[in-house]
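# Working through the structure, step by step
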Amino acid sequence: MERSAATAVWRLRATGGHRERDRRHLSPREDGDCDVGEKKQGGSRRQLLPLPEEWGAPLVLLYLLGLRALVHISHRQLLMQPSAAGPYDFSAPRARAYLDNITAIWPRTVGSPENEVLTVNYLLEQIEAIERETTDAHKISVDIQRPTGSFSIDFLGGFTSYYANITNVVVKLEPRNGAQHAVLSNCHFDSVPNTPGASDDAVSCAVMLEILNTLSKSSEPLQHAVIFLFNGAEENILQASHGFITQHEWAKSIRAFINLEAAGVGGKELVFQTGPENPWLVQAYVVAAKHPFASVVAQEIFQSGVIPADTDFRIYRDFGNVPGIDLAFIENGYIYHTKYDTSDRILTDSIQRAGDNILAVLKYLATSDKLAKSFEYRHGNVVFFDVLGLFVLAYPARVGTIVNYITAAIAFLYLSKKVLQAKTRGIDNLKKLFTAFGLTLLSWLCTLVAVLMVAVFVSVIGRSLSWYTHFYVSVFLYGTAAAAKLILVHTLIKKFFYKNMNKQYLGDTFFDASLMIWSIALAVFTQMGLCSAYICTLWVAFPLLAKLMIHREFSQKGATIKFVMIYMLGMFVPYLYMLYISWTVFEMFTPIMGRSGSEILPDVVLAGFIVVFTVILSSYFINFIYLVKSTKTTLVTLSAVFVVTLILVCSGIFFPYSSDAANPKPKRVFLQHTSRRFHDLDGNLVKSDSGIWINGFDYNGISHITPHAPEINDTIRTPCEEQAPFCGLPWILPVHFMFRKNWYLPAPEMIPRRPIHFKVLSKDQISSNSMRLSFEVTGPSHMSLYVRPHEGSALATWSLGDGVPVASIGGDYFVFYSHGLQATPWRFWVELRVPEEHPDGIVSLAIAAHYVFGEDQKSPQLSALLESFPNWTFSSGWSCTYDLFVF
């Protein structure tokens, strides 16, 4: 056979496919370094035909697109749920009626009549109507709780929260004879200022009302109570849930909870947190949920802190020591916390799906013996994930650890056998395997660096977020760049480093290198205790099985096609599942980039994600680069798509934001008309100013707004008042580290009709080096307190939280305050350790009053500026005052 006709694709043998050599003609050195075309006499050994580039690359692309289509179908199918079939089934139309009526009252900001009176009255009316139709098997109790309390939390870098007279509507459904134990279902009816809050979280409250209605009409008695908490202060950083779990008498009976939240508008509700530990809760969801959608990957991502959000789950876990399940709608996060979060955007199928799931799980828990003995089933974590939304696989983490290590051990055994099967060549084979291993990692690193350089370039020239409205742009820009760079690196390696080596042998070696990388990752992630390591198990087990499935040699006729078909069939499960996971990840993270702050380069983050998924999806296709005759056509095509897309992005043709009525993707801008006053140690006013303080929620800042509002430009960048805590700016939450770029447009002084009153009650010398300052504050429903001890002084304790001050990022102390209706003046004290001499005072203390609703919310100047903004923005704002004092 001629050498040109002997270019092999792969040696398809269970032993691993190293090319057999004719020992009469080939030396050991030649085994891996030349092409072999000979067959043994008698024709028992045959070679595969080369893999042509003209259909090799398109085949891989079609394979991935086919899997992507299956993922798309599965996600759409998850929302196609049947309507209620009977009187004891969840009814989405009834839930939608509740939803429409709740969202007709907006905004439902804590402290406002809309939240504290109108919404509460509506909930009570519906609960009373449900109670009238309750069967004799149940009884309903209702309580209106208005708690006052304080706690510290390490969210957003750490701060302390204080709440007064906020509102909870609590309903208990229990057997006629009562129940000792209970399961809690939690939603919140308050919304962020200036938004209807349909998905976050009115729809969850509507679902809970309908579940209460359905359960109460059932003639089947429950074993345990179900407590429905409609909490009225979640958006104020989890205050109402803290008031309930730490102060309400019913809280002591709760053994588990389900928290209903939103990070998007409608779609599927994802189980993204469970526990802590208590694997029986996941099993309850697995058994009961009709339309499961759950991921331990989402849990580990969320709990890592990379997503700047938190839910009431944390409060019940940390302050109530209660295990639970956290669910959230995640679709279309572009309009989350905006005026577009309206009830008409939430599909009835989404409501039906959520209602079916939550009703089934609550009913299961309320009739389960394990709820009463939950402490007996507490220990152990669980690995859980749904399979295309069809069902959930869940198993104890310790079982997963055993499976993971066994899988990794089998892979390492296989690789060892491959390396050592030729005793005289063991060291040489080992060197070649580790060389391929290193080159593969090097190619990944080169790809990551190259694509991130493109992302940085796009950001620097002011074209960040070009893909925000058109996600395909990111694929064409960063996806093609990643694929092209990866192929180019391996093509160069093949041409210069592995010149004249057997292509079949190279393909085999690089397959083994990828298998080795995944096996090491599996062992490392398992050792780290990550439940998400099960993904690595898929990427080790199925490719290894695919390799072992190809247990015989094929004849030349049709051998290549048969090989490719069996190979891709073996890769079906890990590739399909990874595309399914990637869909969920991009669905969650892409909208977050529009509200991630001014310091994070969203293009770098998204490009990094795309590179990671490109690397993963290419893991077992890298070897194809060494099997094809040429990659020229593929490289030219990918490069052309990348260059054209880059040119279009640089030209600005892809505008980041959209005002499309059907699918808006707005730019978020936050404005506060601020009046600031700075006082010295003697109480004298040393500085005052007034202006509209502007924050853009994404990396683009105000660059796209300046053409529409020329007065807002980089000449009015906000300076930092170094002597004041938090730069002398009225942050409502301690997110200063996320928004270092902001703007301050001079404006007339804002004088509220209900100004804040701040006074010192006492100054007490506790000891020679300790002083206590006591204060009283009256003001609007939302206020922020900032404390900075001077040099030599230290904040020792205070009357807030658990008494231990928690510093925010930067070292200053932040206290968030809110109240409901008719709250008494806020009194608190701080105790400081002080030096003997303190001529410049011992502490700077500032307080900001936020008028987030009512007649003081928007000044004429603020309203006029908001009106001038283009329709592709969601501009939210209010008025506030800032006062700094030195003591």
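Rules and cut-offs
- Residues numbered from 1 in each chain as written.
- Predicted model: local features only at pLDDT ≥ 70, side-chain atom pairs only at ≥ 80, totals over all residues.
- Heavy atoms only, no water.
- 1 Å grid on protein atoms, 1.4 Å probe; cavity = no way out; pocket = protein on both sides within 12 Å on 5 of 7 lines; lining within 4 Å.
- Points joined across faces, edges and corners; volume = space filled by probe spheres on them.
- Helix = DSSP H or I, 4+ residues; strand = E, 2+ residues; numbered from the N terminus.
- Disulfide = S-S within 2.5 Å.
- Buried < 20%, exposed > 50% of the residue type's maximum accessible area, 1.4 Å probe, protein only.
- Pairing = 2+ DSSP bridges.
- Axes fitted to C-alpha atoms, helices over the stretch in contact; angles between N-to-C directions.
- Contact = heavy atoms within 4.5 Å.
- Phe/Tyr/Trp six-rings, centres within 6.5 Å; stacked < 30°, edge-to-face > 60°.
- Lys NZ or Arg CZ within 6 Å of the ring centre and 35° of its normal.
- Core = buried A, V, L, I, M, F, W, Y, C linked by side-chain atoms within 4.5 Å.
- Left-handed = near helix turned anticlockwise from the far one by under 90°.
- Nonpolar A, V, L, I, M, F, W, Y, C, P; charged D, E, K, R; others polar.
- Expected span 1.5 Å × (residues − 1).
- Parallel < 35°, antiparallel > 145°, perpendicular 65-115°, else oblique.
- Polar contact = N/O pair within 3.5 Å; in protein donor to acceptor, adjacent residues only side chain to side chain.

## A short note on empty space enclosed by the protein
Taken as a whole and assessed by the stated rule, the structure comprises six cavities of 30 Å³ or more. Of the voids in this model, the largest cavity is the one considered here, and its volume is about 1300 Å³. Only β7 (254–262), β8 (269–275), α17 (572–592), β12 (667–679), β13 (685–696) and β22 (873–886) provide two or more residues apiece to the lining of the largest cavity. Computed from the structure, the second largest cavity encloses a volume of approximately 140 Å³. Forming the boundary of the second largest cavity are 17 residues, of which Ser295, Val297, Ala298, Ile581 and Thr584 lie nearest the centre.

## Focus: the state of the cysteines
One way to say it: the disulfide is the covalent bond shared by the sulfur atoms of two cysteines. Per the counting criterion, the structure on display carries two disulfides. Across the disulfide, Cys187 is cross-linked to Cys205 (sulfur-sulfur distance 2.3 Å). Since a negative S-S torsion denotes a left-handed disulfide, the Cys187-Cys205 link at about 105° is right-handed. Here Cys205 lies in helix α4 (residues 198–217) and Cys187 lies in strand β5 (residues 182–188), a separation of 18 residues in the sequence. A relative accessible area of 0% means that Cys187 is categorised as buried. With relative accessibility at 0%, the residue Cys205 sits in the buried group. Disulfide pairing is shown between Cys720 and Cys727; the S-S distance is 2.0 Å. Its S-S torsion of approximately -80° makes the covalent link between Cys720 and Cys727 left-handed. Classification of Cys727 as partly exposed rests on a relative accessible area of 25%. Cysteine pairing for the protein chain, with bonded cysteines counted in sequence order: 1-2, 3-4.

## A few points about the sheet that holds β22
Strand order in the open sheet formed by nine strands is β2-β3-β19-β17-β21-β22-β12-β13-β14, and the pairing between neighbours is mixed. The outermost strands of the open sheet, each flanked by one partner alone, are β2 (149–153) and β14 (743–746). Neighbouring strand axes in the sheet, compared pairwise and without regard to direction, differ in orientation by 25° on average. Bridging between strand β17 (residues 782–789) and strand β19 (residues 813–819) involves six bridges; their strand directions are antiparallel. Its bridge partner being in β19, Tyr786 is matched across the sheet by Phe814. Along the sheet, helix α5 (residues 239–247) makes contact with β2, β3 (159–164) and β19, crossing β3 at roughly 75°. Running over the sheet, helix α21 (residues 860–868) touches β12, β13, β14 and β22 and is turned about 155° from β12.

## Re the sheet that holds strand β18 (residues 794–798)
With antiparallel pairing, four strands are arranged side by side in an open sheet as β15-β16-β20-β18. The sheet terminates laterally at β15 (757–767) and β18, the two strands that pair on one side only. Strand-to-strand twist in this sheet, taken as the mean axis angle between neighbours without regard to direction, amounts to 25°. As paired strands, β15 and strand β16 (residues 770–778) are joined by nine bridges and run antiparallel to one another. Bridge assignment links Val760 to a residue of β16, and that residue is Phe775.

## Some thoughts on the packing of aromatic side chains
One pass over the structure, following the stated rule, counts 55 aromatic pairs. With a centroid separation of 5.3 Å and an interplanar angle of 50°, the aromatic rings of Phe511 and Tyr620 are classed as tilted. Of this pair, Phe511 sits in helix α14 (residues 503–527) while Tyr620 sits in the loop between α18 (602–618) and α19 (622–627), and the two are 109 residues apart along the sequence. A single burial state applies to Phe511 and to Tyr620, both of which are buried. Taking the centre distance of 5.4 Å and the plane angle of 75° together, the rings of Phe621 and Phe624 count as edge-to-face. In terms of burial, Phe621 and Phe624 fall into one category: buried. Above the ring of Tyr744, the side-chain terminus of Arg676 is found at 4.9 Å from the ring centroid. Geometry around Tyr699 places Lys741 over its ring, the cationic atom sitting 4.4 Å from the centre.

## Quick notes on unusual backbone geometry
Between Asp200 and the following residue, Asp201, the backbone shows a cis peptide bond with an omega angle of 15°. One non-glycine residue, Asn278, lies in positive phi territory at about 50°. Here Asn278 lies in the loop between β8 and α6 (279–288). Judged by its relative accessible area of 1%, Asn278 is buried.

## Notes on the nonpolar core
Within the largest apolar cluster, 191 residues are counted, with the highest numbers of intra-cluster contacts made by Phe228, Phe230, Tyr478 and Ile694. Residue contributions to this core peak at 12 residues, all from α17. Ignoring any residue separated from it by four or fewer positions in sequence, one finds Tyr478 in contact with Val451, Val454, Ala455, Val458, Trp467, Asp603, Ala607 and Ile610. Membership of the second largest hydrophobic core comes to 51 residues, among which are Val170, Trp250, Ile254 and Phe816.

## Quick look at the packing of helix α13 (residues 471–497) against helix α20 (residues 632–651)
Contact geometry of α13 with α20 gives a least axis separation of 8 Å together with a crossing angle of 145°. Between α13 and α20 the crossing geometry is left-handed. Each of Val473, Phe476, Leu477, Thr480, Ala481, Ala483, Ala484, Ile487, Leu488 and Thr491 in α13 lies in contact with α20, whose residues at this interface are Thr634, Leu635, Leu638, Ser639, Val641, Phe642, Thr645, Leu646 and Val649. Within the contact of α13 with α20, the residues separate by chemical class into 14 nonpolar, five polar and no charged.

## Observations regarding α18
Note that an α-helix has 3.6 residues per turn; residues three or four places apart therefore point the same way. Helix length check: α18, at 17 residues, gives a terminal C-alpha distance of 24 Å against a target of 24 Å (1.5 Å per residue), a fit within 8%. Counting buried positions along α18 gives 13 out of 17 residues, so the element sits mostly inside the fold.

## A closer look at the environment of Gln527
Locating Gln527 in the fold gives a position in helix α14. Spatially, the C-alpha atoms of Gln527 and Thr401 are 8.3 Å apart, while their sequence positions differ by 126 residues.

## Examining the packing of helix α2 (residues 92–103) against helix α3 (residues 113–132)
For the pair α2 and α3, interaxial distance at closest approach is 11 Å and the crossing angle is 155°. It follows from the interaxial angle that α2 and α3 lie roughly antiparallel. For the pair α2 and α3, contact is made by Ala97, Tyr98, Asn101 and Ile102 and by Tyr122, Leu123, Gln126 and Ile130, respectively.

## Some words on the side chain of Ser619
Counting through the fold element by element, Ser619 comes out in the loop between α18 and α19. Judged by its relative accessible area of 1%, Ser619 falls in the buried class. Of note is the side chain of Ser619, whose polar atom sits 3.1 Å from the backbone oxygen of Val615. For Ser619, the side chain forms a polar contact with the main-chain oxygen of Ile616, separated by 2.8 Å. Setting aside anything within four residues of it in sequence, one finds Ser619 in contact with Trp444, Ser514, Trp518 and Tyr575.

## Observations regarding the environment of Asp812
Note on placement: Asp812 falls in the loop between β18 and β19. What makes Asp812 buried here is its relative accessible area of 7%. A sequence separation of 78 residues divides Asp812 from Pro734, and the C-alpha atoms of the two residues are 9.8 Å apart. Beyond its immediate sequence surroundings of up to four residues, Asp812 is in contact with Pro725, Phe726, Val787, Arg788 and Ala807. One polar contact links the side chain of Asp812 to the main-chain amide nitrogen of Phe726, over a distance of 3.0 Å.

## Details of the pairing of β3
Counted residue by residue, β3 has six buried out of six residues, so it is predominantly covered. Neither face of β3 is exposed, since Phe159, Ser161 and Tyr163 on one face and Thr160, Tyr162 and Ala164 on the opposite face are all buried. Both β2 and β3 contribute to a ladder of five bridges, which runs antiparallel. Paired with Ser150 across the strands is Tyr162, a residue of β3. Between the end of β2 and the start of β3, which pair antiparallel, lie five residues, with Leu156 showing a positive phi angle near 55°. In this sheet, β19 lies alongside β3 in parallel orientation, the contact comprising five bridges. Counted as the bridge partner of Tyr163 is Ser818 from β19.

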